[in-house]
Amino acid sequence: MLKLGGYINILIAIGHFVGLIWADKMFEVTGIEKKMRELAQIHFSLPYLLTIFVGIVFFIFGLYGLSADNKFRKLPFLKVGIFTTAGIYLFRGLGEFIYDTLYKTNTLIETTYSLIALTIGLLFLIGGLKKWNLMTRNK
């Protein structure tokens, strides 16, 4: 689970970096075009820098997932990193879904992103619980 979550995050990071080639189209497809245009009014480089920063964060999440699955060297604060990543994804997925439901702003793309975030969050949460034997089985 952690390996899968790690590889998914690395793919998302690569998507952010490669997407910069077609940044305007990527921003449009992902539904953030308006917010990125507002950032560009402050300084033209901000949308690109933010995208690079977010890509780096996804890459780090991926490295932590792979590290926890022993596919990469052991990173510092591994347990904290895994459960923090799980918490961020679960909060993002549930928070967006609840907000959209309360304010009736649900769109297919937002619901899809929420489900993806929840899935990745569960991969990290359940994978972390299993790795550190924090799940108990009822016998």
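For the structure, see preceding data.
Just so it is clear, the model here is predicted, and its values are computed rather than measured.

Asker: Provide a residue-level description of the overall build of the protein chain, including the pertinent values.
Answerer: Helix and strand counts for the protein chain come out as six helices and zero strands. Starting at the N terminus and walking to the C terminus, you meet the elements of the protein chain as α-α-α-α-α-α. Overall size of the protein chain, expressed as C-alpha extent along the three principal axes, is 55 × 40 × 20 Å. With 139 residues in all, the protein chain has 32% of them scored as buried.

Asker: Hey, could you go over the side chain of Asn 9 for me, with residue numbers and the actual values?
Answerer: Looking at the secondary structure, you find Asn 9 in helix H1 (residues 2-19). A polar atom in the side chain of Asn 9 sits 2.8 Å from the backbone oxygen of Gly 5. What Asn 9 contacts, discounting residues up to four positions off in sequence, is Phe 58, Phe 59, Phe 61, Gly 62, Tyr 89, Ile 120 and Phe 124.

Asker: Outline helix H6 (residues 108-131), supporting the account with residue identities and numerical values.
Answerer: In this model, H6 (24 residues) spans 34 Å end to end at C-alpha, consistent with the 34 Å of a helix rising 1.5 Å per residue. Regarding H6, the residues found buried are Ser 114, Ala 117, Leu 118, Ile 120, Gly 121, Leu 123, Phe 124, Gly 127 and Gly 128. As for H6, its buried residues are in contact with H1, helix H4 (46-68) and helix H5 (78-102). Following H6 by one or two positions, Asn 133 has its phi on the positive side, about 50 degrees.

Asker: How would you sum up the pattern of salt bridges? Please name residues and give values.
Answerer: Enumeration according to the criterion identifies two salt bridges in this entry. Taking the shortest distance from any N to any O, the salt bridge between Glu 28 and Lys 25 comes out at 3.8 Å. In this pair, Glu 28 and Lys 25 are both assigned in helix H2 (residues 23-29), three residues apart and thus about one turn of the helix distant. The class for Lys 25 is partly exposed, based on a relative accessible area of 48%. Among the ionic pairs, Arg 37 bridges to Glu 33, the shortest N-O distance being 3.9 Å. Of the two residues, Arg 37 and Glu 33 both sit in helix H3 (residues 33-42), four residues apart, roughly one turn of that helix. For Arg 37, a relative accessible area of 49% gives the class partly exposed. With relative accessibility at 30%, the residue Glu 33 sits in the partly exposed group.

Asker: For the packing of aromatic side chains, give the residues involved together with the corresponding values.
Answerer: Centre distance and the angle of the planes are the two values used to describe a pair of aromatic rings. According to the stated counting rule, one finds four aromatic pairs in the structure shown. Sitting above the plane of the Trp 132 ring, Lys 131 keeps its charged end 5.6 Å from the centroid.

Asker: Tell me about the side chain of Ser 114, and please be specific about residues and values.
Answerer: Turning to its location among the elements, Ser 114 is positioned in helix H6. By relative accessible area, which is 1% here, Ser 114 ends up buried. Leaving out residues up to four positions away in the same chain, Ser 114 has contacts with Arg 92, Gly 93, Glu 96 and Phe 97.

Asker: Quick rundown of the packing of H4 against H5? Include the residues and the values.
Answerer: Contact pair H4 / H5: the axes reach a minimum separation of 10 Å and the direction vectors enclose 130 degrees. On the basis of the axis angle, H4 is oblique to H5. Judged by the sense of rotation from one axis to the other, the crossing of H4 with H5 is left-handed. In this structure, H4 uses Phe 58, Phe 61, Tyr 64, Gly 65, Ser 67 and Ala 68 to contact H5, whose residues at the interface are Leu 78, Gly 81, Ile 82, Thr 85, Ile 88 and Tyr 89. For the contact of H4 with H5, the residue count by class is eight nonpolar, four polar and no charged.

Criteria and thresholds
Residues numbered from 1 in each chain as written. Predicted model: local features only at pLDDT ≥ 70, side-chain atom pairs only at ≥ 80, totals over all residues. Heavy atoms only, no water. Helix = DSSP H or I, 4+ residues; strand = E, 2+ residues; numbered from the N terminus. Buried < 20%, exposed > 50% of the residue type's maximum accessible area, 1.4 Å probe, protein only. Polar contact = N/O pair within 3.5 Å; in protein donor to acceptor, adjacent residues only side chain to side chain. Contact = heavy atoms within 4.5 Å. Expected span 1.5 Å × (residues − 1). Salt bridge = Lys/Arg side-chain N within 4 Å of Asp/Glu carboxyl O. Phe/Tyr/Trp six-rings, centres within 6.5 Å; stacked < 30°, edge-to-face > 60°. Lys NZ or Arg CZ within 6 Å of the ring centre and 35° of its normal. Axes fitted to C-alpha atoms, helices over the stretch in contact; angles between N-to-C directions. Parallel < 35°, antiparallel > 145°, perpendicular 65-115°, else oblique. Left-handed = near helix turned anticlockwise from the far one by under 90°. Nonpolar A, V, L, I, M, F, W, Y, C, P; charged D, E, K, R; others polar.

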